[in-house]
Amino acid sequence: MKKQTEIEGKERIGVYVCHCGTNIAGIVDVEDVAAWAEKELGDRGVVITRDYKFMCSSLGQELIEKDIKEQGLTRVVVAACSPHLHEATFRKACENAGLNRYLCELVSIREQVSWVHTDKVAATAKAKAVVAGGVERVIHHEPLEALHVPIHPATMVVGGGIAGIQAAIEIADAGFPVYLVEREPSIGGHMAQFDKTFPTLDCAACILTPKMVTAGTHPNIKIFSYSEVTNVDGYVGNFTVTIRKKARYVNEELCTGCGICQEKCPAKVIDDIYEAGLGYRKGAYIPFPQAVPKFPVIDKANCVFFERGTCKACQKFCPTNAIDFDQEDEYVTVEVGNIILATGYDLFDPRQISQYGYGRLANVFTSMEFERLSNAAGPTNGEIVLRDGVTKPTSVGIIHCVGSRDRNYNNYCSVICCMQSLKFAHLVHERTGATVYNFYIDMRTAYKEYDEFYQRVLEEGTLFVRGKVAEVTDAARLSIEEGKLIIQVEDTLAGVQRRIPVDMVVLSAAMIPRHDAHDVAHLFGISCSANGWFIEKHPKLDPVATMTEGIFIAGCVQGPKDIPSSVAQGAAASARVLGRIQQGEIALEPVRATVDQSICSGCRICNNLCPFNAILFHEDRMVSEINAALCQGCGTCIAACPAGAITGTGFSNEQIFAQIEGLMRVNFQHEKMTELA
């Protein structure tokens, strides 16, 4: 559009309105918005306005760069999608043309206008108001420079499941040190409990164990097993992390992992972790034969010596004198530049759905219990039997979506349940020849070779019933139901209610966030979604980063996913970390809060509100100070400060009030036109 005459003493502002295909143009009259901005905002410094189909494209960016150079623009306003998506894109375009990147303002007329309105006239008027607000705000922008901080080459990976192992190996193979922290005595996570993996039916141990051994023997990986992170200080590139190494009561330097202590220990307890409650372990134990590291743990809560002061059989028979009952928890502090969280998931407790009978009816099993039953290294050596440990079932019912896709429990799909249930059906056919029923809501087999596996299970004779199971009961009505579990279900394809008697019921339980997910999120300064999963920076474009610089997520901490996706995300997180390490330093956004200590009252209200733990309090001077490297510019402290002592770079009172005035400009014009009419 035509160039406006230069206005003496004012900024020269260019306004660029994006069509975003039909995302914006389908509901907003983009050309009208651009024409209005040229005509009505000229007195505020707008010297040129343009609209373009895809402003974020290379051609759109070149258009902005050309105008900055030829028109001498000192400010740029882009009306397009969310700043969260493309603010960096347009800032880079300004920088390429020689304009400070922070003299660009991106206003959202997609998420905040076109996507939330159906009235074209109202949407166009709102878009004009949003543009006017952006123009008024950008006048008060100041040139800023990024904050540069060095990156420590070491990385911490928290969680030793398959995602964490993959991330650690990738970084270590690149030549950089990694600290791998796992709360259990061995790395391996849930995958170490599985028998086979879908759809290829690979032995889980066969593909996991080599990874575990690689991590355990890698010169660049130090494993802190049976350990937890207790404190995190610092900021991206310079984290100081405190790790609590829980007492194993075994000297790792002397222990050879021979297993004699486990063999001689008289204490025997139910293994609720690795064997899912179906098997036993000793008071001194190694979780499973392939454990990494190979050192045993003495369970203080179930050790005869700690209970009664007698026994010490493990110590007496240990050939290397590695048993140390005086050992105490040890705290280790390490310096790292980046942190990857891969703490995994928990399984939904089916006891919450009482009508399914788990915990009340003996032969109702969870999916993890079935994994242990079918595992050759499990408590039954891979024999699929009922609770009596002897009887093989002649009929098995497998119920999908237990706790998933259910408004009473978890709305989301747990991703793995359909394929997991198909795998169970195959294993039952293979090992017992029993009749198998799969009760499903919808069959979701979306990835490579998944649907082919579904077709294979169909061909094996599995009977599929589409419908949500109402109840599992042992109350027989007919003679054929005596001694059986009866599954009451509506067959939605046949349009009838059915009662199906079976010997065994397997519940495919939902994947849920770890029980301490919120505590872990608070410790590392990140956020959880309403469902409890860790929130990524962007669900599509940045699924491994978080809003806290230097903290990355991988695997099921972000949400339910299968093994290939967890491995891929672990590798992706490591790639992001390696990019940071190899750069040597990182440029941080200068949009930060600062405290005017001359008017700080020392009330400390802001200290407890900061979600990133960026605010320090100086007891000697009774004032707060903000660590610019930790601050993410969220503005919580600014809003809370009763003395008005905290200001935010890029979000000054002048900028906010100016933007509000701009937003009101269209309303004032509308009221004036109404009065004249």
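The model shown is predicted, which means the values in this text are computed figures rather than measured ones.

### Considerations on the sheet that holds strand β2 (residues 46-52)
Right, on to step 1. Read across the sheet, four strands follow the order β2-β1-β3-β4 without closing on themselves; strand pairing throughout is parallel. Strands with a single pairing partner mark the edges of an open sheet, and in this sheet they are β2 and β4 (104-108). With strand direction ignored, the average angle separating the axes of adjacent strands in the sheet is 15°.
Right, on to step 2. Inspection of the sheet shows strand β1 (residues 13-18) paired to β2 by six bridges, in the parallel sense. Bridge pairing in β2 places C18 opposite Y52.
Right, on to step 3. Most of the contacts of helix α2 (residues 58-71) go to β2, to which it runs at about 165°, and overall it touches β1, β2 and β3 (75-80).

### Considering α2
Right, on to step 1. Compared with the 20 Å implied by 1.5 Å per residue over 14 residues, the 19 Å span of α2 between its first and last C-alpha is a close match.
Right, on to step 2. Inspection of α2 places G60, Q61, I64, E65, D67, I68 and Q71 among the buried residues, and these make up the whole buried set. The buried residues of α2 occupy an angular sector of 165° when the element is viewed end-on, so they sit on one face. The outward face of α2, more than 90 degrees from its buried face, is lined by the exposed residues L59, K69 and E70.
Right, on to step 3. Looking at the packing, one finds that the buried side of α2 touches β1, β2, β3 and α3 (83-96).

### Considerations on the state of the cysteines
Right, on to step 1. Taken as a whole, this structure holds zero disulfides when the rule is applied.
Right, on to step 2. With no disulfide of its own, C314 has C303 as its nearest cysteine by sulfur position, at a separation of 6.0 Å.
Right, on to step 3. C610 provides the cysteine sulfur closest to C634, a residue in no disulfide bond, and the two sulfurs are 6.1 Å apart.
Right, on to step 4. Residue classification places C634 among the partly exposed positions, given a relative accessible area of 46%.

### Concerning the pairing of strand β7 (residues 178-181)
Right, on to step 1. Alignment of strand β6 (residues 155-158) against β7, held across four bridges, turns out to be parallel. If you follow V157 over to β7, its bridge partner there is L180.
Right, on to step 2. The β-α-β motif built from β6, the intervening helix α5 (residues 162-173) and the parallel element β7 has right-handed crossover chirality.
Right, on to step 3. Looking at chain direction, β7 and strand β10 (residues 221-224) are connected through four bridges and run parallel. Directly across from L180, in β10, lies its bridge partner I223.

### A few points about the domain arrangement of the protein chain
Right, on to step 1. Split by domain assignment, the protein chain resolves into domain 1 (11-144 + 653-676), domain 2 (155-242 + 331-344 + 514-588), domain 3 (247-328), domain 4 (347-511) and domain 5 (589-649).
Right, on to step 2. If you average the C-alpha positions of domain 1 and of domain 5, the two centres end up 31 Å apart.

### A word on a nonpolar patch on the surface
Right, on to step 1. A grouping of F651, I656, F657, I660, L663 and M664 is seen on the molecular surface, where their side chains present a nonpolar patch of about 520 Å² in accessible area.
Right, on to step 2. Relative to the helices and strands, I660 resides in helix α17 (residues 653-676).
Right, on to step 3. Using a relative accessible area of 42% as the deciding quantity, one classes I660 as partly exposed.

### Let's talk about the pattern of salt bridges
Right, on to step 1. Per the counting criterion, the structure on display carries 35 salt bridges.
Right, on to step 2. For the salt bridge of E136 with R44, the shortest nitrogen-to-oxygen distance reads 2.8 Å. Separated by 92 residues along the polypeptide, E136 in helix α4 (residues 120-138) and R44 in the loop between α1 (30-40) and β2 bring together distant segments of the chain.
Right, on to step 3. Judged by relative accessible area, E136 falls into the buried class, the value being 9%.
Right, on to step 4. You can call R44 partly exposed: its relative accessible area is 25%.
Right, on to step 5. One salt bridge in this structure joins R514 and D346, with 2.9 Å as the shortest N-O distance. Of this pair, R514 sits in the loop between β28 (511-513) and α13 (517-524) while D346 sits in strand β19 (residues 345-347); the two residues are 168 residues apart in sequence, bridging distant segments of the chain.
Right, on to step 6. Relative accessible area serves as the criterion here: at 18%, D346 is assigned to the buried category.
Right, on to step 7. A single salt-bridge network, built from bridges that share partners, covers E87, R91 and E589.

### Describing the environment of P560
Right, on to step 1. With respect to the helices, strands and loops of the structure, P560 is situated in the loop between β29 (551-553) and α14 (563-583).
Right, on to step 2. By relative accessible area, which is 17% here, P560 ends up buried.
Right, on to step 3. Along the primary structure P560 and A510 are separated by 50 residues, whereas in three dimensions their C-alpha atoms are 8.9 Å apart.
Right, on to step 4. When neighbours within four sequence positions are excluded, P560 is seen to be in contact with Y412, C413, S414, V415, M511 and W533.

### A word on the confidence of the model for the protein chain
Right, on to step 1. When pLDDT is averaged along the protein chain, the result is 92; 97% of the residues meet or exceed 70.
Right, on to step 2. When the criterion is pLDDT under 50, residues 671-677 qualifies, and its contacts beyond four places in sequence or with other chains add up to zero contacts.

### A few points about the nonpolar core
Right, on to step 1. With 101 residues, the main nonpolar core has I340, I399, F439, V472, M504 and V505 as its most contacted residues.
Right, on to step 2. In terms of residue count, α5 provides more of this core than any other element does, eight residues in total.
Right, on to step 3. For V472, the residues in contact, after removing those within four places along its chain, are Q355, Y356, R360, L361, V364, I399, L485, I486, I487 and V505.

### Side note on the sheet that holds strand β24 (residues 469-473)
Right, on to step 1. Pairing in this open sheet of three strands is antiparallel, and the strands run β24-β25-β26 from one edge to the other. Unpaired on one side and paired on the other, β24 and β26 (496-502) mark the two borders of the sheet. Pairwise comparison of adjacent strand axes, ignoring direction, gives a mean angle of 20° for this sheet.
Right, on to step 2. With seven bridges joining them, strand β25 (residues 485-491) and β26 adopt antiparallel strand pairing. When the bridges of β26 are listed, V489 appears paired with R498.

### Observations concerning unusual backbone geometry
Peptide bonds are mostly trans, and most non-glycine residues show a negative phi.
Right, on to step 1. Of note, the bond from F198 into P199 is cis; its omega dihedral lies within 30 degrees of zero at -5°.
Right, on to step 2. Here P199 lies in the loop between β8 (196-197) and β9 (202-203).
Right, on to step 3. For L201, which is not a glycine, the phi torsion comes out positive at approximately 60°.
Right, on to step 4. Assignment of secondary structure puts L201 in the loop between β8 and β9.
Right, on to step 5. Within the chain, A276 stands out as a residue other than glycine whose phi angle is a positive 55°.

Definitions and cut-offs
- Residues numbered from 1 in each chain as written.
- Predicted model: local features only at pLDDT ≥ 70, side-chain atom pairs only at ≥ 80, totals over all residues.
- Heavy atoms only, no water.
- Pairing = 2+ DSSP bridges.
- Helix = DSSP H or I, 4+ residues; strand = E, 2+ residues; numbered from the N terminus.
- Axes fitted to C-alpha atoms, helices over the stretch in contact; angles between N-to-C directions.
- Contact = heavy atoms within 4.5 Å.
- Expected span 1.5 Å × (residues − 1).
- Buried < 20%, exposed > 50% of the residue type's maximum accessible area, 1.4 Å probe, protein only.
- Arc of directions from axis to C-beta.
- Disulfide = S-S within 2.5 Å.
- Right-handed = clockwise from strand over helix to strand, strands pointing away.
- Domains from an automatic or database assignment.
- Patch = residues over 30% accessible without salt bridge, like charges linked within 9 Å, V, L, I, M, F, W, Y side chains within 5 Å.
- Areas by Shrake-Rupley, 256 points an atom, 1.4 Å probe, with all protein chains shown as cover.
- Salt bridge = Lys/Arg side-chain N within 4 Å of Asp/Glu carboxyl O.
- pLDDT = per-residue confidence, 0-100.
- Core = buried A, V, L, I, M, F, W, Y, C linked by side-chain atoms within 4.5 Å.

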